[in-house]
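Next come the chains, spelled out residue by residue.
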Amino acid sequence: MTPQSSFMVLAPILPSCEGELRGLLASMNAAPGRVDVNNPLIPFAEFDTLHFARLIILDDTTTEDVRAHGLPVRIYPLYLAFLGDCDGDEDAFLREASTRAPDGLRAIFSCCDGFTSDADLVDWMKARRCPAIANYVNWRGRTVARIREEAALWDAISGLLASNVPSFQALSPPEIHAKLREFVQAETSAGRLKLSPESPTPFGGWMTDKLHLVGVPLLLLLFLPLLVVIAPIYILLLRRLEKTDPEICPTADQAYSDALSLIEDHDVTNQFSAMGSLKPGIVRLLTVIGVLGTVDYAARHIVRRGRLGRIRSIHFARWVFLDSGKRMIFFSNYDGSVESYMDEFINKTGFGLNMSFSNGIGYPRTNWLVRDGCLDERKYKEYLRRHTLPTQVWYKAYPGLTAVDLERNTRLRDGVERSSLTGQELREWVALL
Amino acid sequence: MKSGKIDYGDVQGLVRFGYKRMTQARYDLLRVKNATAARAWLRAAPVTTAVSMDPPPKTALQIAFTAPGLRALGLPESAIAGFSHEFRTGMATESRARQLGDVGSNAPEWWAWGGRSKEPHLVVMFFAEPGHFESLVEICTGAAWQEAFEPLVPPLGTADLDGIEPFGFVDGISQPQIDWEQSKKTSDPQLDYTNIAALGEFLLGYRNEYGKLTERPLLEPSAASEGLLAAADDSAKRDLGVNGTYLVMRQLQQDVRGFWEFVNGQSGGNPAEAAKLAAAMVGRTTGGDPLAPVRDEPIPGVDPQDAAANQFTFDQDPTGSRCPFGAHVRRANPRNADFPGRPANFLKKLIIMLGFGPRGFRDDLVSPVRFHRILRRGREYGVEPPPATPPTADPERGLHFICLNANISRQFEFLQNAWIANTKFSGLSGESDPLLGNRQTIPGCPVSSDFNIPAEGGLRRRVSGLPQFVTTRGGAYFFLPSIRALRYFAALGDG
């Protein structure tokens, strides 16, 4: 299995170069919200291992919200973030990027603080890496290459069925299965289809993963006595904060919201970037670290592939701390409109939303951390819209395909590769076609 | 926070009644020519309330405003800012058009009304039983009306097709039942589909399915706002929204000839096959019988007398072999609950919540429907169709689609975007609503004009190349105010 990794390069933008940078980023799009995959700066189409990527200016318009907690407003630099999700090792991707798009990356990064024309691109990017505190991958091990092979399989089988309706409709499910297996075997031998076997898991990655799987619970076990002692105090403190923390959920500015809408819904999948300041104090910090640590661990070792709780529409997501835990940013790639995304979250995984986002300043009031909060739907939606950032450049390697499409194609392939299916399996498999 | 008992006398009647017996109706899309005269006309307008009368009235008059219309009447921006984003920006923005499927020939630039250049200020709706229509219109559209308004387009007429919509199907069979008594417990997860919807889903100022009050303009108390009710969630403020709601109006032109020609063509001219295909596309026969099996247990909010038409969910049809996943009624109302598979206890719920519930391909893909219901109040226009044969001459006809909802983005827009127009609804691919879809492609999806009919234990039937049968010809978002809010609008600018 080839594991997926995420990368994020973060650099402050030189104030004098902001306009130039915005121009450069805009030049990478064919139209607002639609990247030109062959754009000369970063020709995304040439990357075979890149699932999603984005370039975004982290222009947080909510930094003054800290006043509600009696904190002074801090002036942060305007950051540029270049992030994405790729197959294999993060460093390998950065190296590939610096060979495929050296001039484009240099042009972009020259608008950032600390970039010199003689800088080594890979070293420069590595030095500005910003790792996620929690990461979610819809289907660990499914590479871009595999997604494309399986999509071609779906297209080929759909095409075959469409042009041979009467002959296939006369067949029983086992016959359909056998005939399609024959077809796929013929197509693969003729080189028209390719279903590459899963590559072996790199030993280093496998080892790290297993150590993580065992190590985190061990560490927790080690600290368990301490956790038991502080738990009651922690709960008391958290309950007090929950009841008193201010809500800041004004109606999002119409022009701001409209500008976000302009770059949404150009594909079946959308990008989402939301940013804000975290609530002050150790209790909130521990909460967010504990919750997101759990999310990360569960996403890596526990959740069923294709699902995040009940949600099946997220391809990749991550939570990142900025400015040493003072601010947090959330990125995701999800299917459907932003309204359906929010509704799905509220109605299916409201508790998860509350746990992970209620530590942000202004979040609608929660109750025992998991209840209420986002179930005040209007407030929550305004809160989130206000914290959403426009994403200047966004790339997806498989336009038109939702995460559910990818799962269907994978299920189709699994069935094709098995010589026999049991009754129920066979019925479900034929129903996919 | 306590929402009070409903005062039907403050609610426009359309929220409670469809006025079915008033078979004549007309919608006048107007622009305010003279604000003073418009307010004077409003003061005198005999607007019908939701009070149940015996004998029932013979006529009804309803009025709703767009955001530019409220502005034209003199409502200050600070009050307009209290309405929802969707209402304030309107139906025809570029982004919204993309979400609603109003692209290609549906695009607002081709609309007969609505959109940037042809935005109505208000719609006045006349309803009457036969013999009373002319007098109602005459009373209302005298000299004061002439001075106040100018028509944006000629009045939109409606046709009495006796409950049949232009394609030939019985229409308006399924409607949510409003919980006027506000007795529904909305905070608990709902394990079974119910047809009862919280009052706050259809009327502002009451608890919705989340147990919350939807945002609406709350005004500072003043002499002018004295006639308005106090807000249930902020007694210091006056509630301009309570007992009002949003009214979505869309003129949907139906290509009846194209529909039946296509269906007949696909069926080799066999009328029984054609009827079967048409029914599969709708999810009901032309007579209104559901394709999904009717169940024995009653459904809350479904009249037992109505069981044959509405006592069903799709749980009894998980493979879609009775009613296709993409059928219009299955998209428009998936009839599901908050959880799949009716988890009996907390542990089972938790298992589902954490993502370890049913693992079938289509399990749990569709959002719980109770947050996405609409109240349909539309009427047909154009001539009566011959049921299954393509008419020779094909004059314009269709539906003046009207629906009421308290939250346009969560109700109408969600339904239209995520369920009707979505080519990926319920794990499908390459098809949108077989009746309403615009058949436009999006990057990476070269086809959206299929329709798939699953078959039990065999290969599904795929119908390809569906033409566009329905074209959006106009549309706008309106606010249907309470009687008190109407009076408030009518008094704007006084003093």
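What you see is a predicted model, and the numbers here were worked out from it, not measured in a lab.

Enquirer: With reference to specific residues and values, describe the overall build of chain A.
Expert: When helices and strands are counted, chain A shows 14 helices and 12 strands. The C-alpha atoms of chain A give 24 Å as radius of gyration, which agrees with the globular expectation for 433 residues (22 Å, within 12%). Dimensions along the principal axes, computed over C-alpha positions, put chain A at roughly 75 × 55 × 45 Å. Expressed as a percentage of contacts within chain A between residues at least 6 apart in sequence, the contacts between residues at least 24 apart total 79%. Within the structure as shown, chain A displays about 17900 Å² of accessible surface, and the carbon and sulfur contribution to it stands at 61%. For chain A, the separation between the mean place of its 48 positive charges and that of its 52 negative charges on side chains is 6 Å.

Enquirer: Could you give an account of the packing of aromatic side chains, with specific residues and numbers?
Expert: Summed over all chains, the structure comprises 50 aromatic pairs over all chains. Between Tyr334 of chain A and Tyr341 of chain A, the aromatic rings sit 3.8 Å apart at their centres with planes inclined by 10°, giving stacked as the arrangement. There is no split in this pair, since Tyr334 of chain A and Tyr341 of chain A are both buried. Note on Phe259 of chain B and Trp260 of chain B: the rings are 5.1 Å apart at their centroids and 90° apart in plane angle, and the pair reads as edge-to-face. Per residue, the accessibility class of Phe259 of chain B equals that of Trp260 of chain B, and both read buried. Feature note: the residues Phe272, Trp319, Phe330, Tyr334, Tyr341, Phe345 and Phe357 of chain A constitute an aromatic cluster, connected by ring pairs. The side chain of Arg16 of chain B reaches across the aromatic face of Tyr8 of chain B, ending 3.8 Å from its centre.

Enquirer: Explain unusual backbone geometry to me, and be specific about the residues and the numbers.
Expert: Following Asp54 of chain B, the chain continues into Pro55 of chain B via a peptide bond in cis, with omega recorded as 0°. Locating Pro55 of chain B in the fold gives a position in the loop between helix 1 (35-44) and strand 2 (59-65). With a phi close to 55°, Asp372 of chain A is a non-glycine residue in the positive phi region. Relative to the assigned elements, Asp372 of chain A resides in strand 11 (residues 371-372). Under the relative-accessibility criterion, Asp372 of chain A is labelled partly exposed at 35%. Positive phi outside glycine occurs at Asp162 of chain B, with the angle close to 55°. Its place among the elements puts Asp162 of chain B in the loop between strand 5 (156-157) and strand 6 (177-179). When its relative accessible area of 67% is taken as the criterion, Asp162 of chain B is described as exposed.

Enquirer: Explain the pattern of salt bridges to me, and be specific about the residues and the numbers.
Expert: Taken as a whole and judged by the stated rule, the model has 64 salt bridges over all chains. A salt bridge links Asp233 of chain B to Arg216 of chain B; its shortest N-O distance comes to 2.9 Å. Placement of the pair is Asp233 of chain B in the loop between strand 9 (229-231) and strand 10 (234-239) and Arg216 of chain B in the loop between strand 7 (196-198) and strand 8 (218-219), with a sequence separation of 17 residues. Look at the salt bridges and you will find they share partners, linking Glu339, Asp343, Glu377 and Lys381 of chain A together with Glu201 and Arg410 of chain B into a network.

Enquirer: Could you give an account of the environment of Cys445 of chain B, with specific residues and numbers?
Expert: Turning to its location among the elements, Cys445 of chain B is positioned in the loop between helix 13 (409-420) and strand 15 (451-453). With 374 residues separating them along the chain, Cys445 of chain B and Arg71 of chain B place their C-alpha atoms 42 Å apart.

Enquirer: Lay out the interface of chain B and chain A with the relevant residues and their values.
Expert: Each partner contributes to the interface: chain B provides 56 residues, whereas chain A provides 55 residues. Taken together, chain B and chain A are joined by five salt bridges. Counting every contact that joins chain B to chain A gives 30 residue pairs in polar contact (both at pLDDT 80 or more). Going through the elements one at a time, helix 4 (85-89), helix 5 (94-100), helix 12 (346-353), helix 13 and strand 16 (461-463) of chain B are the ones with two or more residues in the side of chain B that touches chain A. The element that contributes the greatest number of residues to the side of chain B that touches chain A is helix 13 of chain B, accounting for five residues. Residue classes in the side of chain B that touches chain A are distributed as 20 nonpolar, 20 polar and 16 charged.

Enquirer: Tell me what's going on with the sheet that holds strand 12 (residues 393-396) of chain A, and back it up with residues and numbers.
Expert: Adjacent strands of a sheet form backbone hydrogen bonds with each other and so pair up, either parallel or antiparallel. All names here are of chain A. Taken in spatial order, the four strands line up as 1-5-4-12 in an open sheet, and their pairing is antiparallel. Either end of the sheet is taken by a strand with one partner, and the two such strands are strand 1 (4-12) and strand 12. Sheet twist, expressed as the mean angle between neighbouring strand axes with direction ignored, is 10°. Pairing analysis gives four bridges linking strand 4 (residues 50-58) to strand 12, with the strands arranged antiparallel.

Enquirer: Break down the domain arrangement of chain A for me, citing the residues and quoting the values.
Expert: Residues and elements named next belong to chain A. Considered domain by domain, chain A is made up of domain 1 (4-141 + 201-396) and domain 2 (144-197 + 402-432). One C-alpha centre belongs to domain 1, the other to domain 2, and the line joining them spans 36 Å. Taken together, the contact between domain 1 and domain 2 spans 18 residues of the former and 11 residues of the latter. When the two sides are added together, the surface that domain 1 and domain 2 hide from each other amounts to roughly 1000 Å², 51% of it contributed by carbon and sulfur.

Calculation rules
- Residues numbered from 1 in each chain as written.
- Chains lettered and ligands numbered in written order.
- Predicted model: local features only at pLDDT ≥ 70, side-chain atom pairs only at ≥ 80, totals over all residues.
- Heavy atoms only, no water.
- Helix = DSSP H or I, 4+ residues; strand = E, 2+ residues; numbered from the N terminus.
- Rg over C-alpha atoms; globule rule 2.2 N^0.38 Å.
- Contact = heavy atoms within 4.5 Å.
- Areas by Shrake-Rupley, 256 points an atom, 1.4 Å probe, with all protein chains shown as cover.
- Lys, Arg positive; Asp, Glu negative; His and termini not counted.
- Charge placed at Lys NZ, Arg CZ, Asp CG, Glu CD.
- Phe/Tyr/Trp six-rings, centres within 6.5 Å; stacked < 30°, edge-to-face > 60°.
- Buried < 20%, exposed > 50% of the residue type's maximum accessible area, 1.4 Å probe, protein only.
- Lys NZ or Arg CZ within 6 Å of the ring centre and 35° of its normal.
- Salt bridge = Lys/Arg side-chain N within 4 Å of Asp/Glu carboxyl O.
- Polar contact = N/O pair within 3.5 Å; in protein donor to acceptor, adjacent residues only side chain to side chain.
- Nonpolar A, V, L, I, M, F, W, Y, C, P; charged D, E, K, R; others polar.
- Pairing = 2+ DSSP bridges.
- Axes fitted to C-alpha atoms, helices over the stretch in contact; angles between N-to-C directions.
- Domains from an automatic or database assignment.
- Buried area = accessible area lost by both parts, 1.4 Å probe.

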